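Architecture at a glance
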Amino acid sequence: MAYLSLKGINKIYPNGFHAVHDFNLDIEKGEFIVFVGSSGCGKSTTLRMIAGLENITKGELFINGQLANEKGPREREVAMVFQSYALYPQMTVYDNLAFGLTLQGVDEDVIEQKVKNVARILGLTDYLDRMPRALSGGQRQRVAVGRAIIRKVGVFLMDEPLSNLDAKQRVTMRAEIAQIHRETGATTIYVTHDQVEAMTLADRIVIMKEGRIQQIGTPYELYFKPVNLFVAGFIGEPPMNFIRTTVRGGCIEIAGKKLDISCKLGDKVAAYENKDVYFGFRPENIVLGNRENAYVLDAHVELTEMLGDNTNVYVNLAKDNAILKVTPYETPDMDTQITFSIPVENAYLFDAETEFVI
Ligand code: ADP
């Protein structure tokens, strides 16, 4: 059995709101799992049910092979890092780190050794005598992480741990969290609404919408093989372009160009005759000019945004708009006509009714 197993988990709050629907997931020991999705999709609720801070309305939670639904938070062998850090302001860094072990009655010598070891891993050795108010946001965050990892629990739960940091500190702490995970090998579940954090940290991502899992997969799978319109639009920045159109004679028409989609859909194309589909392509997966084995489109350049490492080009395709990502050297002039190619393998088609990928 997997180390952590969620079977048909549901959460209905006392006011009747159904926040999590039939959540199924098996997590192996040592995995780094990220729950991602927009605010309010049920990520924290699911994490809190695993932590034992919220009861499970229906379904079963197994931790290390044992049914944990009725166990209290302390009996579950989990440690949680909160958004707010929840440090004790009147205690030094050393005492904040030591607190949980002191409560458990662990020997002073053992505590000292563990505190020093965690401080070393987290680069806090020089700050052990400081009070939390004399630390930067990033350092406080490290103490909060340290307090959780010092207990050597089975599962490490993190709820948006970087959201109180500025953009630069977030990038640094993100790399540190990855490094801590490599060093400790602790099974981790990490909640974020930030797709970049999800993509960079996760072994596997669970992407949620309105209380339901949309897809579970590696960052690679979510980026290259999204199962539906939501996942395709969520991962990637700028997001994937979607153009709604109707299939006629095995082709779709965009800005006066007929595109043969039978080569992409094979036998399935007949079933979509006269039906609406979304044609999708990522801004970064295009080539300027006219290429072979590609869908070639003409567009009008409305606006360009030079970002340094690349340029976002906002184009108009008759009825539709799209964003293209090109290198700065290729930046086209505004208010000109361009031709670009979408390699057939980089184009996606979605059923407009079900929103599933075809
Ligand atoms: P996320 O972490 O993805 O932002 P949450 O799990 O916090 O989302 O919340 C999921 C949904 O459940 C939201 O619509 C939220 O308003 C609702 N919710 C959270 N806590 C409660 C509660 N105690 N009672 C009723 N609804 C709640």
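Just above sits the structure.
Since this is a predicted model, take the numbers as computed values, not measurements.

Approximately 510 Å³ is the volume attributed to the largest pocket. R74, A79, M80, F82 and R151 are, among the 22 residues lining the largest pocket, the residues nearest its centre. Contributions of two or more residues to the lining of the largest pocket are made by β6 (78–81), α2 (93–103) and α4 (137–149). Of the residues forming the lining of the largest pocket, the biggest block, 5 residues, is contributed by α2. By residue class, the composition of the lining of the largest pocket is 17 nonpolar, 2 polar and 3 charged. As a volume, the second largest pocket reaches approximately 400 Å³.

Attention shifts here to the packing of α2 against α4. Relative orientation of the contacting elements α2 and α4 amounts to 25 degrees, with a least axis distance of 8 Å. The angle between α2 and α4 places the two elements in the roughly parallel class. Considering only the axes of α2 and α4, their crossing is right-handed. Between α2 and α4, the residues in contact are V93, N96 and L97 and V143, G146 and R147, respectively. Per-class residue counts for the contact of α2 with α4 are 3 nonpolar, 2 polar and 1 charged.

Within a sheet, each strand pairs with its neighbour through backbone hydrogen bonds, oriented either parallel or antiparallel. Reading across the sheet, the 4 strands line up as β2-β1-β4-β5 and stay open at both edges, with antiparallel pairing between neighbours. The sheet is open, and its two borders are formed by β2 (18–27) and β5 (66–67), each paired with just one other strand.

As enumerated under the stated definition, the model contains 1 cavity of 30 Å³ or more in all. As a volume, the largest cavity reaches approximately 40 Å³. Those elements giving two or more residues to the lining of the largest cavity turn out to be β7 (155–159) and α5 (167–184). Ranked by residue count, the leading element in the lining of the largest cavity is α5, at 4 residues. Considering only residue class, the lining of the largest cavity consists of 7 nonpolar, 3 polar and no charged.

In the structure shown here, the tally under the stated rule is 0 disulfides. As a non-bridged cysteine, C263 has C251 as the owner of its nearest cysteine sulfur, 9.0 Å distant.

So, on to the pattern of salt bridges. The full count for this structure, using the stated rule, is 7 salt bridges. The shortest N-O distance in the salt bridge between E176 and R142 comes to 3.1 Å. One end of the pair, E176, is in helix α5; the other, R142, is in helix α4, and 34 residues separate them in sequence. Here R142 falls in the buried class, since its relative accessible area comes to 17%. Across the pair D276 and R244 runs a salt bridge, and its minimum N-O distance is 3.1 Å. Of the two residues, D276 sits in strand β14 (residues 276–281) while R244 sits in strand β11 (residues 241–246), which places them 32 residues apart along the sequence. Using a relative accessible area of 27% as the deciding quantity, one classes D276 as partly exposed. Put simply, K11, R48 and E54 are held in one network by salt bridges that share partners.

Calculation rules
- Residues numbered from 1 in each chain as written.
- Predicted model: local features only at pLDDT ≥ 70, side-chain atom pairs only at ≥ 80, totals over all residues.
- Heavy atoms only, no water.
- 1 Å grid on protein atoms, 1.4 Å probe; cavity = no way out; pocket = protein on both sides within 12 Å on 5 of 7 lines; lining within 4 Å.
- Points joined across faces, edges and corners; volume = space filled by probe spheres on them.
- Helix = DSSP H or I, 4+ residues; strand = E, 2+ residues; numbered from the N terminus.
- Nonpolar A, V, L, I, M, F, W, Y, C, P; charged D, E, K, R; others polar.
- Axes fitted to C-alpha atoms, helices over the stretch in contact; angles between N-to-C directions.
- Parallel < 35°, antiparallel > 145°, perpendicular 65-115°, else oblique.
- Left-handed = near helix turned anticlockwise from the far one by under 90°.
- Contact = heavy atoms within 4.5 Å.
- Pairing = 2+ DSSP bridges.
- Disulfide = S-S within 2.5 Å.
- Salt bridge = Lys/Arg side-chain N within 4 Å of Asp/Glu carboxyl O.
- Buried < 20%, exposed > 50% of the residue type's maximum accessible area, 1.4 Å probe, protein only.

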